Amino acid sequence: MKLGYKFNSEAFNMLLENLKKKHRVYAPILLKGKGKFSDTDLVGYDEISRIEEVVFTHKSYFSPKETFHPITQTLFYFNENDYREPAVDEKGILVFLRSCDIYAVERLDKIMLENGTTPDYYYERLRNKVKFIVMDCQDGFESCFCVSMGTNKTENYSATVRYENGFYLSNVLEDIDGLFSLYGEQVEVIPHFVEANNQIVNVPQNLNLEAITENPIWEEYGSRCIACGRCNVVCPSCSCFTMQDIFYEDNPNCGERRRVWASCHIDGFTDMAGGHSFRRNNGERMRFKVLHKISDFKKRFGVQMCVGCGRCDDACPEYISFSQCVNRLGEEEVEKRG
Amino acid sequence: MNINTKKVMKNGWRIAKDRNITCLRIRVPGGYLPVKLLPLIQEIAQRFGNGTVHLTTRQSFEIPAIPFENMTEINSMLSPLIEELEVKIGVKIDDLSKGYPSAGTRNVVACIGNKVCSNAVFNTTALAKDIEKIIYPNNPHVKIAVTGCPNDCVKVHMHDIGIIGQVEPIYEASRCIGCQACVKNCHKVSTGALSFVNNKVKRDASRCIGCGECVLKCPTAAWTRGGQYYRIVIMGRTGKKNPRLAAGFLEWAEREVVLKICANLYNYIDQYIDRSLPKEHVGYIVDRTGFNLFKAEVLRDVNISPKTKLASYLDFAGYTYDKNVVYKN
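Residues numbered from 1 in each chain as written. Chains lettered and ligands numbered in written order. Predicted model: local features only at pLDDT ≥ 70, side-chain atom pairs only at ≥ 80, totals over all residues. Heavy atoms only, no water.

Observations regarding the overall build of chain B
- Helix and strand counts for chain B stand at ten helices and 13 strands.
- Dimensions of chain B along its principal axes, counting C-alpha atoms only, are 80 × 55 × 35 Å.
- Taking all 329 residues of chain B together, the buried fraction comes to 51%.
- For chain B, the exposed surface amounts to about 15,600 Å²; the carbon and sulfur share of it is 51%. (Helix = DSSP H or I, 4+ residues; strand = E, 2+ residues; numbered from the N terminus. Buried < 20%, exposed > 50% of the residue type's maximum accessible area, 1.4 Å probe, protein only. Areas by Shrake-Rupley, 256 points an atom, 1.4 Å probe, with all protein chains shown as cover.)

Below is the structure:
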């Protein structure tokens, strides 16, 4: 039996109110008027107070990673003699997210915690606070290909939640602060996960890297990509950041060191001392990103970096589809083996 | 043939080149036309005209080659058009069977706006309809246009009242990744109001024209849209004396201010129009009375918020065909 609880709105909001005593609770919500175009909205992450705020019916435009891997993070403040880290919020972090998003956090963990000799200190201290509330996926969305990437089902969560016939249903693996059992009515809850997507992606398993570098499709993508970086910033598994030392304008003897998300598509990503930079052509950047997502990462960590959330496809203003690109590579591989 | 040409013209009909032949203008406020109305326009053109329509520069239909004797019959057929396009948006017209009650105040034109266009910072159709409700029917010769952004695709700079959408961009520094897409783009296509300081973006509010390009270019939604405002440019015109682009009058004005100014414009015209002339285009009235009197009249009882900027003079760009129009003995 899958242990679960059933809540009406009032009960779930009591649960949230009490969870918020020890946690910041983040979920995808409707940010009114915050869409790129006028009079449009954006589904993005922010703290919630009530379950009704949570958007279940649409995929969030941005991924949940910003809730524990901040876009801008001050690592420490400094003056001539001294430096000090900013205080860390004592509260835990509860994030409402989808199954694919959890796999993406596991990918971030690989890079940030397992890639070097020591875990990334700043990442780890926020990551350790994170608990997952999975939002059930009934049908997935138009651009999703989680099934192809094997990220459609997970058991790495504290609880699940879906809205059904006026009630919120949660399967609970970890009864956080004993609150689910306190406010919910115990019932069996089997979480719903997507079994099939509209998009089917066949990831090529044995890419010939030399041949792929010469593939003319990168030239085509180079003529289409505008290097805006949206595919990177909406991606739940992109982890790149850059460092910035800021010297305050009023007193340049004081300042702070920040790290800020970076994008392999945006100019400046590969800038080096002496003015060198690599992958000046946008097609080369596309190639670098695609191969990292569906080939290079796996060689190092054993799992594909891409989790098939499809947000890059949703966000690209030039209608470049990452999933179509992967399929094109796969088709060519099949043709070659012929 | 005995017709009162002045009445005929006020009724939306033209005194045309060909004797005894007229044309009908059909107003389409904001250029927004439900296609269910097209068959009626088609029927009039086929039954009474020559089977064609002219798409006017003001987003209206002009149905040519109609004999004057059909005017009354056609007027009585127009009620579905007038009902849908005028009465439904709040224009008060007493008798729908008599055709258009006035023609001097021209159709309010609008670009397609944010129903479709990614650049538009507001719904131009909705504002055009609200303006139509205030200014129609009216006889004074006034041209008003509404455009969604400073690209001004609808050429509000050639109008007596030109309304250009503005959006106040809001910057959330913590979401900015310093890609500088906004900074580069603002310099390239707009006013160069953005600069990059200490790895974050600074906006020079005095330079910003509220085009929203920064929001469009931002990948992380560090820039988002704040309030919708309007820039009003006035007294642009073509014509045989001195064509000129409209000059800036107000910036960062609220919607209510725009509507009130449109209403006040008619009180100003009523007081100062030269009634010895058959008609006087509002731009020439302002030339006679001067800007300050115009300003005082159209801003009467208008609440200007601290955010709104008001022009101290009209900085026209244009030229005069004949210098004797300016210099007189």
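Read on for the rest.
Concerning the nonpolar core
- Judged by nonpolar contacts, the single largest core of 40 residues is most densely connected at Ile131, Phe249, Leu265 and Phe294 of chain B.
- Counting residues per element, the ones that place at least two in this core are helix H5 (124-135), strand E5 (144-147), strand E6 (161-171), strand E9 (223-234), strand E11 (247-253), helix H8 (255-272), helix H9 (282-289) and helix H10 (291-298) of chain B.
- The biggest single contributor to this core is H8 of chain B, with nine residues.
- Setting aside residues up to four positions removed in sequence, Ile131 of chain B forms contacts with Val108, Ile144, Val146, Ile163, Val258, Leu259 and Cys262 of chain B.
- Judged by nonpolar contacts, the second largest core, of 38 residues, contains Phe12, Ile51 and Val233 of chain A together with Ala221 of chain B. (Core = buried A, V, L, I, M, F, W, Y, C linked by side-chain atoms within 4.5 Å. Contact = heavy atoms within 4.5 Å.)

Describing unusual backbone geometry
Residue and element names in this part refer to chain B.
- The omega torsion across Tyr136 and Pro137 is -5°, close enough to zero to call that bond cis.
- Mapped onto the secondary structure, Pro137 falls in the loop between H5 and E5.
- Although it is not a glycine, Gln180 adopts a positive phi angle of roughly 65°.
- As for its placement among the helices and strands, Gln180 is situated in the loop between E6 and helix H6 (181-189).

Focus on the packing of aromatic side chains
All names here are of chain A.
- By the definition in use, this model includes 21 aromatic pairs over all chains.
- Ring centres of Phe78 and Phe247 lie 5.6 Å apart, and the angle between their planes is 65°; on these two criteria the pair is classed as edge-to-face. Of the two residues, Phe78 sits in strand E4 (residues 72-78) while Phe247 sits in strand E11 (residues 241-247), which places them 169 residues apart along the sequence.
- Using a relative accessible area of 17% as the deciding quantity, one classes Phe78 as buried.
- Arranged with centres 4.8 Å apart and planes meeting at 50°, the rings of Tyr163 and Tyr168 form a pair that is tilted. (Phe/Tyr/Trp six-rings, centres within 6.5 Å; stacked < 30°, edge-to-face > 60°.)

What about the interface of chain A and chain B?
- Contacts between the two partners involve 27 residues from chain A and, on the opposite side, 29 residues from chain B.
- Both faces combined, the contact of chain A with chain B buries some 2,100 Å², and carbon together with sulfur accounts for 49% of it.
- Residues Lys202 of chain B and Glu249 of chain A are paired through a salt bridge, measuring 2.6 Å at the closest nitrogen-oxygen approach.
- Counting across the chain A and chain B interface gives 13 residue pairs in polar contact (both at pLDDT 80 or more).
- Per-element tally for the side of chain A that touches chain B: the top contributor is E11 of chain A, with four residues. (Buried area = accessible area lost by both parts, 1.4 Å probe. Salt bridge = Lys/Arg side-chain N within 4 Å of Asp/Glu carboxyl O. Polar contact = N/O pair within 3.5 Å; in protein donor to acceptor, adjacent residues only side chain to side chain.)

Observations regarding the sheet that holds E4 of chain A
Residue and element names in this part refer to chain A.
- Sheet architecture is open: four strands sit in the order E5-E4-E12-E11, paired in antiparallel fashion. Two strands lie at the open edges of the sheet, namely strand E5 (83-84) and E11, each paired on one side alone.
- In the sheet, E4 pairs with E5 via two bridges, with the strands oriented antiparallel. Within the sheet, the bridge partner assigned to Phe78 lies in E5 and is Tyr83. (Pairing = 2+ DSSP bridges.)

Some points on the side chain of Asn18 of chain A
- With respect to the element layout, Asn18 of chain A can be found in helix H1 (residues 9-19).
- Not counting residues within four places of it along the chain, the set of residues in contact with Asn18 of chain A comprises Leu179 and Tyr183 of chain A.

So, the environment of Trp252 of chain B
All names here are of chain B.
- Residue position: Trp252 is located in strand E11.
- With 42 residues separating them in the primary sequence, Trp252 and Gly210 have C-alpha atoms 8.5 Å apart.
- Leave out the neighbours within four places in its chain, and Trp252 touches Gln166, Val167, Glu168, Arg203, Cys208, Ile209, Gly210, Tyr229, Tyr230, Lys307 and Thr308.

Considering the domain arrangement of chain B
Residues and elements named next belong to chain B.
- Split by domain assignment, chain B resolves into domain 1 (5-98) and domain 2 (109-167 + 227-325).
- The centre of domain 1, based on its C-alpha atoms, is set 26 Å off from the matching centre of domain 2.
- In this complex, domain 1 contributes 13 residues to the contact, which on the side of domain 2 involves 15 residues.
- For Glu132, the salt bridge identified is with Arg27, shortest N-O distance 2.9 Å.
- Where domain 1 packs against domain 2, one counts four residue pairs in polar contact (both at pLDDT 80 or more). (Domains from an automatic or database assignment.)

What to know about the environment of Glu249 of chain A
- Relative to the assigned elements, Glu249 of chain A resides in the loop between E11 and strand E12 (255-261).
- With 76 residues separating them in the primary sequence, Glu249 of chain A and Leu173 of chain A have C-alpha atoms 50 Å apart.
- Of note is the side chain of Glu249 of chain A, whose polar atom sits 2.6 Å from the side chain of Lys202 of chain B.

Some words on the sheet that holds E5 of chain B
Residue and element names in this part refer to chain B.
- Spatial ordering of the open sheet is given by E4-E5-E6-E9-E11-E12, a layout of six strands whose pairing is mixed. Only two strands of the sheet have a single neighbouring strand rather than two, namely strand E4 (109-110) and strand E12 (309-310).
- By the bridge criterion, two bridges tie E4 to E5 in an arrangement that is parallel. The residue of E5 that forms the bridge with Ala110 is Val146.
- Contacting E9, E11 and E12, H10 runs over the sheet at an angle of about 30° to E11. (Axes fitted to C-alpha atoms, helices over the stretch in contact; angles between N-to-C directions.)

A few points about the environment of Leu291 of chain A
All names here are of chain A.
- Within the element layout of this structure, Leu291 appears in helix H9 (residues 282-301).
- Between the C-alpha atom of Leu291 and that of Asp271, which follows or precedes it by 20 residues, the distance is 20 Å.
- Residue contacts for Leu291: discarding those within four places in its chain leaves Leu207, Leu209, Ile212 and Asp296.

Brief notes about a nonpolar patch on the surface
Residue and element names in this part refer to chain B.
- Taken together, the side chains of Val325, Val326 and Tyr327 define a hydrophobic patch exposed on the protein surface, amounting to about 300 Å² of accessible area.
- Mapped onto the elements, Val325 comes out in the segment after strand E13 (317-318).
- Val325 sits in the partly exposed class, given a relative accessible area of 31%. (Patch = residues over 30% accessible without salt bridge, like charges linked within 9 Å, V, L, I, M, F, W, Y side chains within 5 Å.)

Considerations on the packing of H8 of chain B against H10 of chain B
Residues and elements named next belong to chain B.
- Put simply, H8 and H10 touch, their axes get as near as 8 Å, and they point 125° apart. By the angle between their axes, H8 is oblique relative to H10. In the packing of H8 onto H10, the handedness of the crossing is right-handed. Of the residues in H10, those in contact with Ile261, Asn264, Leu265, Tyr268, Gln271 and Tyr272 of H8 are Leu293, Phe294, Glu297 and Val298.
- When the residues that make up the contact of H8 with H10 are grouped by side-chain class, the tally is seven nonpolar, two polar and one charged. (Parallel < 35°, antiparallel > 145°, perpendicular 65-115°, else oblique. Left-handed = near helix turned anticlockwise from the far one by under 90°. Nonpolar A, V, L, I, M, F, W, Y, C, P; charged D, E, K, R; others polar.)

Some remarks on the side chain of Glu280 of chain B
Residues and elements named next belong to chain B.
- Topologically, Glu280 is positioned in the loop between H8 and H9.
- Classification of Glu280 as buried rests on a relative accessible area of 8%.
- Side-chain polar atoms of Glu280 contact the backbone nitrogen of Asp274, separated by 2.9 Å.
- A polar contact is formed between the side chain of Glu280 and the side chain of Arg288, at a distance of 2.5 Å.
- Setting aside anything within four residues of it in sequence, one finds Glu280 in contact with Tyr272, Ile273, Asp274, Ile285 and Arg288.

Let's talk about the packing of H8 of chain B against H9 of chain B
Residues and elements named next belong to chain B.
- Running from amino to carboxyl end, H8 crosses H9 at an angle of 65°, the nearest separation of the two axes being 11 Å. On the basis of the axis angle, H8 is roughly perpendicular to H9. The way H8 lies across H9 gives a crossing that is left-handed. Contact with H8, carried on its side by Leu265, Tyr268, Ile269 and Tyr272, involves Val282, Ile285, Val286, Arg288 and Thr289 of H9 and no other residues of that element.

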